[in-house]
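# Descriptive structure summary
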Amino acid sequence: MSHSYSRRSFMGGTLATGLIGVAGKPVQESSPIAGDVVPFHGVHQSGITSPPRTPQQQGIFVSYDVTAENRSELNELFHVLTTRARFLTSGGPARPARDSSGSGLLGSTLVPDGLTVTVGLGSSLFDDRYGLAGRKPTELVPMTAFAHDDLNPAECHGDLLLQLCANHTDALVNALIDLHARTQGLMRQRWRIDGFRSPQRPSGTPRDLLGFHDDVANHFLTDVEGRIEKFVWTHAPSPEPAWTTGGTYQVVRIVRFDLDKWDKVPVEQQQRIIGRHKVTGIPLNGGTNENSPTVYDPQGKVMPFNCHVRLANPKTADSPFAAPNPYVPAKVPPVHIWRRSYQYMRAPDVNGRMDAGHAFCCFQRRLRTYVEMQQRLESEMLVPYISPTGGGYFFALPGVINRTDYYARALLT
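Residues numbered from 1 in each chain as written. Predicted model: local features only at pLDDT ≥ 70, side-chain atom pairs only at ≥ 80, totals over all residues. Heavy atoms only, no water.

### Structural notes on the side chain of serine 123
Counting through the fold element by element, serine 123 comes out in the loop between strand 4 (116-121) and strand 5 (160-166). Judged by its relative accessible area of 15%, serine 123 falls in the buried class. Those residues in contact with serine 123, other than ones at most four positions away along the chain, are Lys136, Leu140, Val141 and Pro142. (Helix = DSSP H or I, 4+ residues; strand = E, 2+ residues; numbered from the N terminus. Buried < 20%, exposed > 50% of the residue type's maximum accessible area, 1.4 Å probe, protein only. Contact = heavy atoms within 4.5 Å.)

Have a look at this one:
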């Protein structure tokens, strides 16, 4: 295999030290510099539930086809990703790769800037190329189209997903350039979506491009100790392979909004479509803030049965406030997913229509939790204003425990 520089030489010089000198000689990795550092090591990967309530303002999701020729090169890929992610998220002298002048985007010192690098695996990595077929997570499958999807095959699936999040775009771009330079020949970009999160205006969670508060339901998992462990992370007892412990299923969906059409809808009707007041985020049926419990009216007069909120997380027969909903089966388990979405804005398409919307992202212990929710949402009032066009299902790897550990170690050994 032809690489842009000797990867075997790179590996020999970097696994122990974490970076390479300009002249090609190994140098000692410096201590993390002061700044917004999200810890890299841990039982779980960062960039999922950490930082918790205030995810970084900028995010990039990049899907790759793995081109490593064998199991040894696949192992090498995960070593390289670990070494660079560990350094990029902690910071230090911004030395370039061997045979590369480096981007110089961040100057001479790499500022951490809250950067997190999260690695997920697609079901296609578990084919017969690397001998992993018998180790695939139980529920990991390719994403199939729902009733109202308009999927672009060029923006779907992938062997490996990198989710990069940071406080500013330059830190993300620098990290992406770095990782691209060091993994050439081992993986090739399949699709990418860049996103942003708005500030809290005027308070509460950030708003999406429809103007409504986004990711409101996360408070349920953070308000009571143990809920994140129960509903997000894979752990025993579980039908999953043992190596998955500490990981989680990740869903990424590129959802295009028809903003021209949406903006013509009166605010009162927009609120009925979503199920919340647009300014405050408070549920239509009352409350004091956006996190107030949604107590549904039995006839659906205030909050329609097929509004977004009511179908995304319906009350069940076990709830004293439940009401029969023609769009929901009689018994539905509560929907507990960890949302970590971004908004996106791309150049207008060939017809001059704005290409903007939601880079939806969520994590959950069971993939079917998301799938069943999305099946209900096929009946929601929001359908005429959105068009899912891409994305995929992935399994976010367990965390890198310490400096001798690396991404996917338990899978590959």
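### Re the layout of surface pockets
The probe, sized like a water molecule, is rolled over the atoms to show the empty space still left. Approximately 390 Å³ is the volume found for the second largest pocket. Along the walls of the second largest pocket sit 19 residues, with Arg256, Phe257, Arg353, Ser387 and Thr389 positioned nearest its centre. Taken together, the elements giving at least two residues each to the lining of the second largest pocket come down to strand 7 (248-257), helix 6 (259-262), strand 9 (342-346) and strand 11 (386-396). Looking at the lining of the second largest pocket element by element, the count peaks at three residues for strand 11. (1 Å grid on protein atoms, 1.4 Å probe; cavity = no way out; pocket = protein on both sides within 12 Å on 5 of 7 lines; lining within 4 Å. Points joined across faces, edges and corners; volume = space filled by probe spheres on them.)

### Comments concerning the pairing of strand 5
With seven of seven residues buried, strand 5 lies mostly within the body of the structure. The alternating pattern of strand 5 places Leu160, Leu162, Leu164 and Ala166 on one face and Leu161, Gln163 and Cys165 on the opposite face, and all of these are buried. Note: strand 1 (residues 58-66) against strand 5, seven bridges, orientation antiparallel. Bridging from a neighbouring strand, phenylalanine 61 pairs with glutamine 163 of strand 5. (Pairing = 2+ DSSP bridges.)

### A short note on the nonpolar core
Counting 63 residues, the largest nonpolar core has Leu74, Phe78, Leu160 and Tyr407 as its most contacted members. By residue number, the principal contributor to this core is helix 2 (residues 71-90), which donates seven residues. Apart from the residues within four sequence positions on either side, leucine 74 is in contact with Val66, Ala68, Leu125, Tyr130, Leu132 and Leu412. Counting residues in hydrophobic clusters, the runner-up holds 19 residues, among them Leu161, Cys165, Ile193 and Leu221. (Core = buried A, V, L, I, M, F, W, Y, C linked by side-chain atoms within 4.5 Å.)

### Side note on the packing of helix 2 against helix 3 (residues 169-183)
Look at helix 2 against helix 3: their axes get within 10 Å of each other, and the N-to-C directions meet at 155°. One finds that helix 2 runs roughly antiparallel with respect to helix 3. The hand of the helix 2/helix 3 crossing is right-handed. Every residue of helix 3 that contacts helix 2 at Leu77, Val80, Leu81, Arg84 and Leu88 is listed here: Asn174, Ala175, Asp178, Leu179, Arg182 and Thr183. Looking at the contact of helix 2 with helix 3 residue by residue, the class counts come to six nonpolar, two polar and three charged. (Axes fitted to C-alpha atoms, helices over the stretch in contact; angles between N-to-C directions. Parallel < 35°, antiparallel > 145°, perpendicular 65-115°, else oblique. Left-handed = near helix turned anticlockwise from the far one by under 90°. Nonpolar A, V, L, I, M, F, W, Y, C, P; charged D, E, K, R; others polar.)

### Let's talk about the pattern of salt bridges
Under the counting rule described, the total for this entry stands at twelve salt bridges. Salt-bridge contacts for aspartate 194 lead to arginine 192; the nearest nitrogen and oxygen are separated by 2.7 Å. Accessibility expressed as a relative area gives 35% for aspartate 194, which makes it partly exposed. With relative accessibility at 30%, the residue arginine 192 sits in the partly exposed group. Between aspartate 405 and arginine 409 there is a salt bridge whose closest N-O contact spans 2.7 Å. With a relative accessible area of 7%, aspartate 405 lands in the buried category. Take arginine 409: its relative accessible area is 35%, and that puts it in the partly exposed class. Through salt bridges that share partners, Glu155, Arg256, Arg346 and Asp355 make up one connected network. (Salt bridge = Lys/Arg side-chain N within 4 Å of Asp/Glu carboxyl O.)

### Brief notes about the environment of arginine 340
Relative to the helices and strands, arginine 340 resides in the loop between strand 8 (338-339) and strand 9. For the pair formed by arginine 340 and isoleucine 48, sequence separation is 292 residues and the distance between their alpha carbons is 7.3 Å. A polar atom in the side chain of arginine 340 sits 2.5 Å from the side chain of glutamine 56. (Polar contact = N/O pair within 3.5 Å; in protein donor to acceptor, adjacent residues only side chain to side chain.)

Purely spatial values, then, with no claim about function.
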